[in-house]
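# An overview of the molecular structure
One-letter residues, chain by chain:
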Amino acid sequence: SSGINAEYGSENKEQRGGLSGAPLKDKSTEMIRKVFTLTDGTVPIIGVGGVRSGADAYEKIRAGASLVQLYTGLVYEGPGLVRRMKRELGHLVMRDGYRNVQMAVGADVEGVENRTLERMHHDFLQLLQRNQLVEPLELPPH
């Protein structure tokens, strides 16, 4: 058998079609980290693959994702997932001492200057907010 299902050891490896969700989580996070490193954090990255909690989203963000896509998790858990993830993500960001989620982008990537990233991601998110593509996540000061 060939294809992505066989490569990731899926129980459905003999079937045709794509693979999504949890089986891609670790591989996709590692790819985010690699792309973030290769681009020195200058290119916005959308984190995808196995995101079903605030912790999953935070892992993608700390690896370098500026945005996180929900798909399979949203299908199985419904729209309430967004509210729960937003709350969880807020707690994780505060726990780690960041003023906002943008400051955590790329935090787990060695050798990247967070001050530059904070400015770049702030500008990028401002653009998205002006175009009403994302809702801001503001945290209270500690």
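Residues numbered from 1 in each chain as written. Predicted model: local features only at pLDDT ≥ 70, side-chain atom pairs only at ≥ 80, totals over all residues. Heavy atoms only, no water.

Moving on, we get to helix α3 (residues 54-63). Counting buried positions along α3 yields eight of ten residues, so the element is predominantly enclosed. Within the span of α3, buried status applies to G54, D56, A57, Y58, K60, I61, R62 and A63. In this fold, the buried residues of α3 make contact with α2 (25-38), β1 (46-47), β2 (67-68) and α5 (80-95). The positive-phi residue at the C-terminal boundary of α3 is G64, with phi of around 130°. (Buried < 20%, exposed > 50% of the residue type's maximum accessible area, 1.4 Å probe, protein only. Helix = DSSP H or I, 4+ residues; strand = E, 2+ residues; numbered from the N terminus. Contact = heavy atoms within 4.5 Å.)

Residue-level pLDDT values for the protein chain average 80, and 70% of them are 70 or greater. Confidence drops under a pLDDT of 50 for residues 1-6, and excluding neighbours within four residues, the segment shows 13 contacts in the predicted structure. (pLDDT = per-residue confidence, 0-100.)

Attention now moves to the pattern of salt bridges. Any two side chains of opposite charge can pair, given that their charged atoms come close. By the definition in use, this model includes nine salt bridges. One salt bridge connects R33 with E30, and the closest N-O pair in it is separated by 3.1 Å. On the criterion of helical spacing, the pair formed by R33 and E30 is a turn pair, its members being three residues apart in helix α2. On the basis of relative accessible area, E30 is assigned to the partly exposed category, the value being 35%. (Salt bridge = Lys/Arg side-chain N within 4 Å of Asp/Glu carboxyl O.)

Mapped onto the elements, Y76 comes out in helix α4 (residues 72-77). Sequence spacing of Y76 and R52 is 24 residues, and the spatial spacing of their C-alpha atoms is 9.2 Å.

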